[in-house]
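Spelled out, the chains give:
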Amino acid sequence: MRDGLKRLFILVFSSLLFTILFCSLVVADETVSAVFPAFNSTNIQAFQINGNAALSGSSLRLTPALGNQAGSAFWSQKIFLPSNRSFSAYFSFKISSSGGGGADGIVFVIQPQSNTAGSSGGGLGFEGINNSFGVEFDTYLNSAPTSDINANHIGIDGSSPNGKGNVTSLASRDVSTINSSWVLDDSAEYHAWIDYNGTNKSVEVRLNRYNNTRPAVSHLNYTINLGDVFPTDVYIGFSAATGGAWNNHDITSFYFNNEVINQGINLNTTSYLMAPFRLNIYSQFTNITANGWNRSEIYVNATDINNATLANQLISFSTTSGIISPGSATTNSTGGALNTLISSHNYAVATVRATAVGGAFADINVTFNHLSTIPEWSDIGLMAVLVMVISGYIVINKKVD
Ligand SMILES: [Ca+2]
Ligand SMILES: [Ca+2]
């Protein structure tokens, strides 16, 4: 009997212990805009690859180690940053095979202009892009007007309101002051975190060599209102360049979210799922309601990079005029979500936007030209005001007479 109790106690205790251990190992899933643990011929389709950039093994090689190269890779379509431009990015990179002393470096870029931007040399493929923001990992000392602090620094580059991208950094830091043994082009894999909190307007940059543990304290920070630099819909990506000296510039992994993540992207505590890559939107006029309003159906389809449909995705809707109801819908087993837009015939056109978690979006213009014979409430109101004004005028004039 006593042995039986002991066995029961051991059984309960060990299963409890197992549960505690197991739960502590399980990491939460979080859905973010971009998840690239490595690159391959399938997932690289998410990017528009420009200039000398290409897939190389499991890396996105922005430039090969040759002179006068320029390469960039931008998300093939724009992403929506809904919260004052807030975002969190994490990526790893390798700068190797130095020639002529090594040059020029890599820039993480956010810009609204084009997914084909890029140029060579000290401009790092970033200089000259309108309304752009960049974080540079610079391995070549350029003199004035760029005025680099040395040939081994990180920098925050933002164009002033509506200005062009400029590699004369707003703030920079010598990498050897983070760790005296760190040299950006030493062929090691470096890990970088860039977080922008649009509420307090703070950009924070962190760097680590060899492992993906995010440092608690940022290595470079700067206060900037990115709302003055670029609009809400942007291309995200990387550029790199070489000149008379060169390196391979490789991105080895990339994670991005269109909202800031408290404590940043952390692969040690969280497993990340990639949000829908693309939304397709369609509209169809349905009928005129009893109140004389145009009614249209809005249909959205969510897909991944390979155009496979995605079920159970939350899609948010907004419109520049009329009423879209409900404000959100979830995709069904075929990746589709249906919504209804109603609008007065007074509105010539409404732009409806569907947005997925992660910032993939699609817009469509819906024209309301199905006129109703029933007067609008606003028309009735206007007529009532006119009648009051005219009768008031008559009354006043009569008194004067
Ligand atoms: Ca430089
Ligand atoms: Ca620089």
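The structure this text deals with has already been given above.
Strand β9 (residues 105-111) sits mainly inside the fold: seven of its seven residues count as buried. The alternating pattern of β9 places Gly105, Val107, Val109 and Gln111 on one face and Ile106, Phe108 and Ile110 on the opposite face, and all of these are buried. For β9 and strand β16 (residues 233-241), the ladder comprises seven bridges, and the chain directions are antiparallel. The partner of Val107 across the bridge, within β16, is Ser239. Judged from the six bridges that link them, β9 and strand β10 (residues 133-138) form a sheet pairing that is antiparallel. The partner of Val109 across the bridge, within β10, is Gly134.

On the secondary structure map, Leu338 appears in strand β24 (residues 336-343). Of the residues examined, Leu338 has 12 C-beta atoms within 10 Å and is grouped as exposed. For the pair Leu338 and Tyr299, spaced 39 residues apart in the sequence, the C-alpha separation amounts to 4.6 Å.

What follows deals with the nonpolar core. Ranked by internal contacts, the top residues of the largest apolar core, which has 85 residues, are Phe91, Phe238 and Tyr255. Setting aside residues up to four positions removed in sequence, Phe238 forms contacts with Leu62, Ser72, Ala73, Ile106, Val107, Phe108, Val109 and Ile251.

Procedures and definitions
Residues numbered from 1 in each chain as written. Chains lettered and ligands numbered in written order. Predicted model: local features only at pLDDT ≥ 70, side-chain atom pairs only at ≥ 80, totals over all residues. Buried ≥ 20, exposed ≤ 12 C-beta atoms within 10 Å, placed from the backbone. Helix = DSSP H or I, 4+ residues; strand = E, 2+ residues; numbered from the N terminus. Pairing = 2+ DSSP bridges. Core = buried A, V, L, I, M, F, W, Y, C linked by C-beta atoms within 7 Å. Contact = placed C-beta atoms within 7 Å.

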